[in-house]
Amino acid sequence: MTQRNGDSGTRGRSLQMDSSGAPEQANCKDQELEGGNINRDPEEGVEKVGGGPQGSAPMPGAVVAPDGGWGWVVLAATILVLALTLAFPSCVGIFYTDLQKEFQATNSQTSWVPSIMTSVLHAGGPFCSALVERFGCRATVMLGGVLSGFGMAASSFTNSITELYITAGIITGLGFCFSFQAAVTILGHYFVRRRTFANAMSSTGTALGLCTLPILGHYLNTELGWRGSFLVLGALLLNCCVCGALMRPLVPRRPRGQPLMPLKQPDGGGGEGGTRQNKSRGRALCASLGASLRKHMAFDLFLTNLHYRVFSIGITWMMLGFVVPLVYLVPYATDNGMERSEAALLLSILGIINIIVRPPIGLLFNLPWFKGRHIYVFSSALLVNGLSNSICCLGADFLVLVVYVVMYGLSMSVVGSLMFTVLMQTVDMSAFPSALGLLAVMESFTLLIGPPLAGILVDRTGQYFHMFLVCSFVVASSGLYLMVSFYVLGQRDKKSAPKGQPLAVTDQDVSTQCQYSSVPTDGAKTQSEDHSA
């Protein structure tokens, strides 16, 4: 593989995929749909799927990555989707006390609602990948918006905490999964050369949701109660459908002389033929789901890649206590006499810090000096994040909790900005979708049991002190584990590498099957035609 140089004289780039092993990233259905135009800047990147001679112009069938144009609209839609999905489970704490009183539930029973929602959001990744391959990213995002909106609206009519597990936990969480993962997928196809910047900007969507949803939830709860609030929030989540409609699928380059609309072949009529065709489509869909589940669960990579195995175990252990403080922060503050509006303001401060910090962090850690050091920065941020939870043990005063939120928010920004970057450096990009799928499923188990276990601890001790202390130990120990493990693995790799031979570069942003070559611009094409004439 030849990597991109920072040569300013290079006008365009084209990503050429080897036909012998196409990466799983190119499986998005959006690349296969017809219709629509692409706003293309001739100086921007070109992502090409299919064979072709190196150094040639994009062949018919190439998928152009605009790296701008309509891609900015897709980026804005993705930011809004992430604000409505990823940040939502952390804001359920606004209604925590009301749900406890309504259903006479314990802390452990009530905490199952956000934990199931968060767990399903991560565990549904393989199913989302199958839907993306079958129906495309746009339809999957819109389906997620319908599911999440329906789930929250149905939650307002529930009569037991168990019904809330199904509506708000499973249905809404699955809708969040479909909308979030499909939006991130299509964003990766719209941006190639500016992908790092686009990912850093899209991550601010979570911070935007943390900043606005707690205040909105507190206002709705004051005016309408938790049932009316859930109904309004369900309607708000339907905006994911609007965002999905804006995610126009990319299309291959159409050869000259090809008709704009494909000619439809006669289907042979209805009757039994139509019934058989529907049955075959159903079987094909089931087969596609099964194949996608097998493809997006990288068990073989987990067994053979030691770096990936260490990283997956560390992240899975970290998730046991990473999101728990966000679930219990508002109940902890209100139980100690703080006004609910001030408690909601704490989550908003956390969101504001993430909005301010994440974009410059994304640019800072993209500097060449940090190459190969991202895992150590990531582990240090986890260590600081875990230790910051112990600040809550000092008291529940507003100023103390503000200091805690600031420390937690700064370290959370670094963790959120570098997590996928470290994973991309651990595995080849050709295996990244399956590696991410398995990691998401592993995370879902600890995300599921983390808040309920913390609730049991609070119920038995009657205090939140022990819960924050345990979360501090879990997250800090995961940071130390990753730091020490990757240092030992790095030293082992240096010793095992032959003398005089550089270590293999794992900091890749494309698959090993990809090659970059210049794409002739319109001016170059005109000059070449003049010379040939």
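Trainee: Please clarify how the packing of helix H8 (residues 204-237) against helix H14 (residues 340-364) should be interpreted in this entry.
Mentor: At a minimum axis separation of 7 Å, H8 and H14 run at an interaxial angle of 165°. In terms of their interaxial angle, H8 and H14 are classed as roughly antiparallel. Note on packing geometry: the crossing formed by H8 with H14 is left-handed. For the pair H8 and H14, the contacting residues are Thr204, Ala207, Leu208, Leu210, Cys211, Pro214, Ile215, His218 and Asn221 in the first and Arg340, Ser341, Ala344, Leu347, Ser348, Leu350, Gly351, Ile352, Asn354, Ile355, Arg358 and Pro359 in the second.

Trainee: I would appreciate a short explanation of the side chain of His122 in the present structure.
Mentor: Residue placement: His122 occurs in helix H3 (residues 107-123). Not counting residues up to four positions away in its chain, the partners in contact with His122 are Gln181, Ala440, Val441, Glu443, Ser444 and Leu447.

Trainee: What is the right way to read the pattern of salt bridges from this model?
Mentor: One side chain can pair with another of opposite charge once the charged atoms of both are near each other. Taken as a whole and judged by the stated rule, the model has three salt bridges. A salt bridge links Arg340 to Asp98; the shortest N-O distance between them is 2.9 Å. Here Arg340 is found in helix H14, whereas its partner Asp98 is found in helix H2 (residues 96-103), with 242 residues between them in sequence. For Arg227, the salt bridge is made with Glu102, and the minimal N-O distance between the two is 3.2 Å. Remark: Glu102 occurs in helix H2 and Arg227 occurs in helix H8; sequence separation between them is 125 residues. The partly exposed category is assigned to Glu102, whose relative accessible area is 40%.

Trainee: Which parts of the structure should I look at to understand the packing of helix H12 (residues 306-322) against helix H18 (residues 465-496)?
Mentor: Helix packing for two helices is described by the angle between their axes and how far apart those axes are. Between H12 and H18, whose axes approach to 8 Å, the crossing angle comes to 170°. Of the possible angle classes, the one that applies to H12 and H18 is roughly antiparallel. The class makeup of the residues in the contact of H12 with H18 is 17 nonpolar, six polar and two charged.

Trainee: Would you mind showing me how to read the packing of aromatic side chains here?
Mentor: Here the structure, examined in full by the defined rule, presents 14 aromatic pairs. Relative to Phe230, the ring of Trp226 has its centre 5.3 Å away and its plane inclined at 80°; by these criteria the two rings are edge-to-face. Here Trp226 pairs with Phe230, and both are found in helix H8, just four residues apart, close to one helical turn. The exposure class of Trp226 is buried, given its relative accessible area of 6%. Put simply, the rings of Tyr96, Phe322, Tyr328, Tyr332, Tyr404, Tyr408, Tyr464 and Phe468 touch in pairs and so form one group of aromatic residues. Lying over the aromatic face of Trp70, Arg248 brings its terminal NZ or CZ to 4.6 Å of the ring centre. The positively charged end of Arg373 is found above the aromatic ring belonging to Trp369, 4.2 Å away from the centroid.

Trainee: Would you mind showing me how to read a nonpolar patch on the surface here?
Mentor: On the surface, Leu208, Ile352, Ile355 and Ile356 cluster together to form a nonpolar patch covering roughly 320 Å² of accessible area. Here the nonpolar patch takes three residues from H14, the largest share from any one element. Summarising the element assignment, Ile356 is placed in helix H14. A relative accessible area of 59% places Ile356 in the exposed class.

Trainee: Please clarify how H12 should be interpreted in this entry.
Mentor: What sets the pattern is the α-helix's 3.6 residues per turn: residues three or four places apart point alike. The end-to-end C-alpha distance of H12, which contains 17 residues, comes to 24 Å, matching closely the 24 Å that a straight helix rising 1.5 Å per residue would cover. When you tally the buried positions in H12, you get twelve out of 17 residues, the bulk of the element. What H12 keeps buried is the set Tyr308, Val310, Phe311, Ser312, Gly314, Ile315, Thr316, Met318, Met319, Leu320, Gly321 and Phe322. With a side-chain oxygen lying 3.1 Å from the backbone nitrogen of His307, the N-terminal cap of H12 falls on Asn305.

About the criteria used
Residues numbered from 1 in each chain as written. Predicted model: local features only at pLDDT ≥ 70, side-chain atom pairs only at ≥ 80, totals over all residues. Heavy atoms only, no water. Axes fitted to C-alpha atoms, helices over the stretch in contact; angles between N-to-C directions. Helix = DSSP H or I, 4+ residues; strand = E, 2+ residues; numbered from the N terminus. Parallel < 35°, antiparallel > 145°, perpendicular 65-115°, else oblique. Left-handed = near helix turned anticlockwise from the far one by under 90°. Contact = heavy atoms within 4.5 Å. Salt bridge = Lys/Arg side-chain N within 4 Å of Asp/Glu carboxyl O. Buried < 20%, exposed > 50% of the residue type's maximum accessible area, 1.4 Å probe, protein only. Nonpolar A, V, L, I, M, F, W, Y, C, P; charged D, E, K, R; others polar. Phe/Tyr/Trp six-rings, centres within 6.5 Å; stacked < 30°, edge-to-face > 60°. Lys NZ or Arg CZ within 6 Å of the ring centre and 35° of its normal. Patch = residues over 30% accessible without salt bridge, like charges linked within 9 Å, V, L, I, M, F, W, Y side chains within 5 Å. Areas by Shrake-Rupley, 256 points an atom, 1.4 Å probe, with all protein chains shown as cover. Expected span 1.5 Å × (residues − 1). Polar contact = N/O pair within 3.5 Å; in protein donor to acceptor, adjacent residues only side chain to side chain.

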